[in-house]
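# An overview of the molecular structure
The chain contents come next:
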Amino acid sequence: EAAARLFAEAPYAAVHMDAIAAAAAVAKPTLYRYFPHKELLFVEALEQTLTQFRIEIEDIRAEPEPVERRLRRMIALILTRVGRLAPAIQASEMASSQSAADSRRVLRQGFRNLRAAIGSIVAEGGRDGDFAPVDPDLAALAILGSVRMAAHARIGAHELSDAVADLFI
């Protein structure tokens with residue numbers, strides 16, 4: 001958790017094992033016993049972050065609120081979380097090591113899960129007549145693409161999430 005927090009706050013290169021050990025309140029040798037190098041810890045932290053993110057998205061999807069409200073909440077949460085992951089995403093896109101390949105694999109899986117959750121909400125809204133009929137997978141890709149671009153550009157989360165939801169709805 002300490003590593004995930006630090007990787008979300010700063011570029012990958014700026015996060016050092018000393019700082020992670022201090023934030024986790026463990027000795028540096030203990031940290032190295034479980035994670036022999038920073039890259040392995042980075043991939044593990046990224047995977048943990050995306051797993052927690054998926055659970056939060058699934059919780060929103062399962063709530064009894066109107067589909068439009070759930071979609072808006074999903075978009076807002078995705079924008080916030082992807083914004084926090086932006087340094088990790090940029091680091092994995094720029095690197096060429098095996099751990100970078102692992103982090104790209106973890107990110108791809110995480111975004112596939114998000115795409116599926118958004119697609120299911122869009123499909124539900126289409127079936128219930130809340131949304132115009134549209135390909136749920138294409139809609140999910142459009143939403144995720146706009147959110148990801150905005151996260152990299154550091155556009156305000158609240159304004160953008162409403163704008164993306166309004167545009168889609």
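Everything below is about the structure printed above this text.
Read on for an overview of the structure. (Residues numbered from 1 in each chain as written. Predicted model: local features only at pLDDT ≥ 70, side-chain atom pairs only at ≥ 80, totals over all residues. Heavy atoms only, no water.)

### Things to note about the packing of helix H1 (residues 2-9) against helix H2 (residues 17-24)
Packed helix pairs are characterised by how far apart their axes lie and by the angle those axes make with each other. Where H1 meets H2, the axes come as close as 8 Å, and the angle between the chain directions of the two elements is 130°. Looking at the two axes, H1 sits oblique to H2. Like other packed secondary-structure pairs, H1 and H2 cross with a definite hand, here right-handed. Contacts from Ala2, Ala3, Arg5, Leu6 and Phe7 in H1 reach Ala19, Ile20, Ala23 and Ala24 in H2. Residue composition of the contact of H1 with H2, by class: 8 nonpolar, no polar and 1 charged. (Axes fitted to C-alpha atoms, helices over the stretch in contact; angles between N-to-C directions. Helix = DSSP H or I, 4+ residues; strand = E, 2+ residues; numbered from the N terminus. Parallel < 35°, antiparallel > 145°, perpendicular 65-115°, else oblique. Left-handed = near helix turned anticlockwise from the far one by under 90°. Contact = heavy atoms within 4.5 Å. Nonpolar A, V, L, I, M, F, W, Y, C, P; charged D, E, K, R; others polar.)

### Considering the pattern of salt bridges
Close approach of charged atoms allows side chains of opposite charge to pair. Taken as a whole and judged by the stated rule, the model has 7 salt bridges. Two residues, lysine 28 and aspartate 18, come together in a salt bridge whose shortest N-O distance is 2.7 Å. Separated by 10 residues along the polypeptide, lysine 28 in helix H3 (residues 28-34) and aspartate 18 in helix H2 bring together distant segments of the chain. On the basis of relative accessible area, aspartate 18 is assigned to the partly exposed category, the value being 48%. Residues arginine 69 and glutamate 65 are paired through a salt bridge, measuring 3.8 Å at the closest nitrogen-oxygen approach. A residue is classified by how much of its surface remains accessible, and glutamate 65, at 25% relative accessible area, is partly exposed. What emerges from the salt-bridge pattern is a single network uniting Glu63, Glu65, Arg69 and Arg73. (Salt bridge = Lys/Arg side-chain N within 4 Å of Asp/Glu carboxyl O. Buried < 20%, exposed > 50% of the residue type's maximum accessible area, 1.4 Å probe, protein only.)

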